[in-house]
Amino acid sequence: MLTEAQFAIVAQEAKQRIGLALTHERLAFVDARLTPLARRENCACAGELISMIQRQGDDMLWHGVVDALVMSDTHFFRDRAQFRALSETIIPDLLRGRPAHARLRVWSAGCAAGQEPYSLAILLEEMREEGRGGLVDILATDISSRLLDKAASGLFSQFEVQRGLSIRRLIAHFERVGEMWRIADRLRAAVRFETHNLLVDAAQLGPFDLVLCRNVLSSFGEADRRETLERIAAAMSEDGVLVLGAEEDYASLTGAFEPAHGACVMRRNAYWRRAA
Amino acid sequence: MKSCLVVDDSRVIRKVARRILEDMSFDIEEAADGLEALQACRRSMPDAILLDWQMPVMSGIDFLKTLRKESGGDRPVVVFCTTENDVARISEAIKAGADEYIMKPFDGDILHSKFSEAGLV
Ligand SMILES: C[S@@+](CC[C@H](N)C(=O)[O-])C[C@H]1O[C@@H](n2cnc3c(N)ncnc32)[C@H](O)[C@@H]1O
């Protein structure tokens, strides 16, 4: 088991590198997540791994440690009510406010293994089929290249495709390859995947009209939450909409957004300016 | 309380499904093959049917085709739950009137997700 001192070091690295806030009671969780990595590095336990990394000052290994701690739980069409709101009001409103030839720019920030941006791509394709779509670009980013590789492959297990996808959507948009299911090439081509750390400036990625940053900030401490919200705001168009996770109500943290369509969907405050 | 008829020739699977669905507040009845299921439906139409494919006496797909022709047989929401995972088989089930489709093995998350897709929760 990790010692308290070792846990404190891991927690500090996790916070500094990816914003992950680890409180005391997570010690057993961290230990369990790091044990497989320790074994791969020929260490007897997580504690030995941390001692070794400290001795060697190995940045790559810290990278591996932090990657092993990331919370990546996700599924297709997570929080169905939010996708309904996107399809019925949020996206139509955004499209209406723009010239017909303009491309709506969408960012899935913290996309994990891709279920979120692919759900968006499916939703937008269905909207187009109903004659109420528009041109859309989807950028999906995450800190974990391990998760991004999986996302870009478009391959999902039978278990994964049965969480959140109706059977009609599954057979309309996926094909079976052996034991796995692969999303259609046209949908894979509709999403661009890139590595991005939400702790660094994002303005160069934007401006985005719609940002989904769901179930990411909940693992951050409050200061990182606020600063990340403001970095996101700085990468958005003036009337852009930000969708947080269904249980993430962070409207009061910053003046950069104001609530719209309920607490977890916010509109960029057009008058807000980032402090220099 | 909504009712669900669990149709599977494996007693173990029926038990697993029953436990999950009871937690989701369904009132459960069980049948071991398509014919038993049809008899149960004629006594009283359930709100939902969780249906295996391969079963002795009457298969799931034959049961479904017969059910959809019975009076009131269009009402139950039918969720297939089978090891058949071929796209052709899935399409066949949908064409015969299935509302949702689960590929075994399943767990509580999948059952919950699929029952929501079918508008049952
Ligand atoms: C729980 S998943 C959420 C996935 C998806 N948005 C959803 O709601 O289902 C959180 C994701 O955020 C990513 N993440 C955590 N910290 C990050 C950071 N500092 N920069 C970018 N992504 C980060 C993790 O790698 C993980 O894939």
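Computed from a predicted model, the values in this text were never measured in an experiment.

**Q** I would appreciate a short explanation of the state of the cysteines in the present structure.
**A** Working definition of a disulfide: a covalent bond connecting the sulfur atoms of two cysteines. Residue and element names in this part refer to chain A. On inspection of all chains with the given rule, the structure shows zero disulfides over all chains. Just so you know, Cys43 is unpaired, no disulfide at all, and the nearest cysteine sulfur is the one on Cys45, 7.8 Å from it. Residue class for Cys43 comes out buried when judged on its relative accessible area of 6%. Sulfur of Cys264: no disulfide; nearest cysteine sulfur belongs to Cys213 and is 12 Å away.

**Q** Would you mind going over the domain arrangement of chain A with me for this structure?
**A** Residues and elements named next belong to chain A. With domains assigned, chain A is organised as domain 1 (4–69) and domain 2 (80–268). Just the C-alpha atoms count here: the centres of domain 1 and domain 2 sit 30 Å apart. Contacts between the two partners involve eight residues from domain 1, matched on the other side by nine residues from domain 2. Ranking the residues of domain 1 by area buried against domain 2 places Ile18, Gly19 and Asp67 at the top, with a combined share of 59%. In this structure, the connection of domain 1 to domain 2 is made through two salt bridges. Arg146 is paired through a salt bridge with Asp67; the nearest N and O atoms lie 2.6 Å apart. Counting across the domain 1 and domain 2 interface gives four residue pairs in polar contact (both at pLDDT 80 or more). Among the elements that make up the side of domain 1 that touches domain 2, the one with the highest residue count is helix 1 (residues 4–18) (four residues).

**Q** When you look at the sheet that holds strand 3 (residues 48–51) of chain B in this model, what are you seeing that I'm missing?
**A** Two orientations exist for strands paired in a sheet by backbone hydrogen bonds: parallel and antiparallel. All names here are of chain B. Sheet architecture is open: five strands sit in the order 2-1-3-4-5, paired in parallel fashion. Each edge of the open sheet carries a strand with a single partner, namely strand 2 (26–31) and strand 5 (100–103). When strand polarity is set aside, the average angle formed by the axes of neighbouring strands in this sheet is 20°. Looking at chain direction, strand 4 (residues 77–82) and strand 5 are connected through four bridges and run parallel. The residue bridging Phe80 from the neighbouring strand is Tyr101, located in strand 5.

**Q** Which parts of the structure should I look at to understand the packing of helix 2 (residues 27–40) of chain A against helix 3 (residues 46–56) of chain A?
**A** Between two packed helices, both the angle of their axes relative to each other and the distance between the axes serve to describe the pair. Residues and elements named next belong to chain A. Contact pair helix 2 / helix 3: the axes reach a minimum separation of 8 Å and the direction vectors enclose 70°. Judged on the interaxial angle alone, helix 3 and helix 2 are roughly perpendicular. For the crossing formed where helix 2 meets helix 3, the hand is left-handed. Of helix 3, the residues touching helix 2 (which contributes Asp31, Leu34, Thr35, Leu37 and Ala38) are Ala46, Leu49 and Ile50. Of the residues assigned to the contact of helix 2 with helix 3, the class counts are six nonpolar, one polar and one charged.

**Q** Would you mind going over the sheet that holds strand 7 (residues 208–213) of chain A with me for this structure?
**A** Residues and elements named next belong to chain A. Spatially, the seven strands line up as an open sheet ordered 6-2-1-7-8-10-9, and their pairing is mixed. Whereas interior strands pair on both sides, the edge strands pair on one side only; in this sheet they are strand 6 (191–195) and strand 9 (257–259). This sheet shows a mean twist of 25° between the axes of neighbouring strands, independent of strand direction. Bridge count between strand 1 (residues 104–109) and strand 2 (residues 136–142): six bridges; the pairing is parallel.

**Q** Honestly, the pattern of salt bridges in this entry has me stumped. Any pointers?
**A** Two side chains bearing opposite charge may form a pair once their charged atoms approach each other closely. Residues and elements named next belong to chain A. Applying the stated criterion across every chain yields a total of 33 salt bridges over all chains. Between Arg96 and Asp93 there is a salt bridge, and its shortest N-O distance comes to 2.6 Å. Of this pair, Arg96 and Asp93 are both found in helix 5 (residues 80–96), three residues apart, which corresponds to roughly one turn of the helix. Across the pair Arg132 and Glu130 runs a salt bridge, and its minimum N-O distance is 2.7 Å. Classification of Arg132 as partly exposed rests on a relative accessible area of 32%. Residue Glu130 is classed as exposed on the basis of its relative accessible area, which comes to 54%.

**Q** Teacher, can you tell me more about the interface of chain B and chain A here?
**A** When the parts of a complex come together, some accessible area is lost, and that lost area is often taken as the interface size. On the side of chain A, 15 residues touch chain B, which itself brings 21 residues to the contact. A buried area of about 1600 Å², summed over both sides, lies between chain B and chain A, and 51% of it is on carbon and sulfur atoms. The interface formed by chain B and chain A includes twelve residue pairs in polar contact (both at pLDDT 80 or more). Classifying every residue of the side of chain B that touches chain A by side-chain character gives nine nonpolar, four polar and eight charged.

**Q** How should the confidence of the model for chain B be read in this particular structure?
**A** Low pLDDT marks regions whose predicted coordinates should not be analysed in detail. Across chain B, pLDDT averages 97, with 100% of residues at or above 70. What the predictor reports for the complex is a pTM of 0.96 with an ipTM of 0.95.

**Q** So what exactly am I meant to see when it comes to the packing of aromatic side chains here?
**A** Two aromatic rings are characterised by how far apart their centres lie and by the angle between their planes. Taken as a whole, this structure holds ten aromatic pairs over all chains when the rule is applied. Ring centres of Trp53(B) and Phe80(B) lie 5.0 Å apart, and the angle between their planes is 35°; on these two criteria the pair is classed as tilted. Highlighted residues: Trp53(B) in the loop between strand 3 and helix 3 (60–69) and Phe80(B) in strand 4, separated in sequence by 27 residues. For Trp53(B), a relative accessible area of 3% gives the class buried. Among the residues examined, Phe80(B) registers a relative accessible area of 0% and is labelled buried. Among the aromatic side chains, those forming a connected cluster through ring pairs are Phe76(A), Tyr118(A), Phe156(A), Phe174(A) and Phe193(A). Taking the ring centre of Phe29(A) as reference, the NZ or CZ of Arg26(A) above it sits at 4.3 Å. Sitting above the plane of the Phe208(A) ring, Arg105(A) keeps its charged end 5.1 Å from the centroid.

What counts, and where the lines are drawn
Residues numbered from 1 in each chain as written. Chains lettered and ligands numbered in written order. Predicted model: local features only at pLDDT ≥ 70, side-chain atom pairs only at ≥ 80, totals over all residues. Heavy atoms only, no water. Disulfide = S-S within 2.5 Å. Buried < 20%, exposed > 50% of the residue type's maximum accessible area, 1.4 Å probe, protein only. Domains from an automatic or database assignment. Contact = heavy atoms within 4.5 Å. Buried area = accessible area lost by both parts, 1.4 Å probe. Salt bridge = Lys/Arg side-chain N within 4 Å of Asp/Glu carboxyl O. Polar contact = N/O pair within 3.5 Å; in protein donor to acceptor, adjacent residues only side chain to side chain. Helix = DSSP H or I, 4+ residues; strand = E, 2+ residues; numbered from the N terminus. Pairing = 2+ DSSP bridges. Axes fitted to C-alpha atoms, helices over the stretch in contact; angles between N-to-C directions. Parallel < 35°, antiparallel > 145°, perpendicular 65-115°, else oblique. Left-handed = near helix turned anticlockwise from the far one by under 90°. Nonpolar A, V, L, I, M, F, W, Y, C, P; charged D, E, K, R; others polar. pLDDT = per-residue confidence, 0-100. Phe/Tyr/Trp six-rings, centres within 6.5 Å; stacked < 30°, edge-to-face > 60°. Lys NZ or Arg CZ within 6 Å of the ring centre and 35° of its normal.

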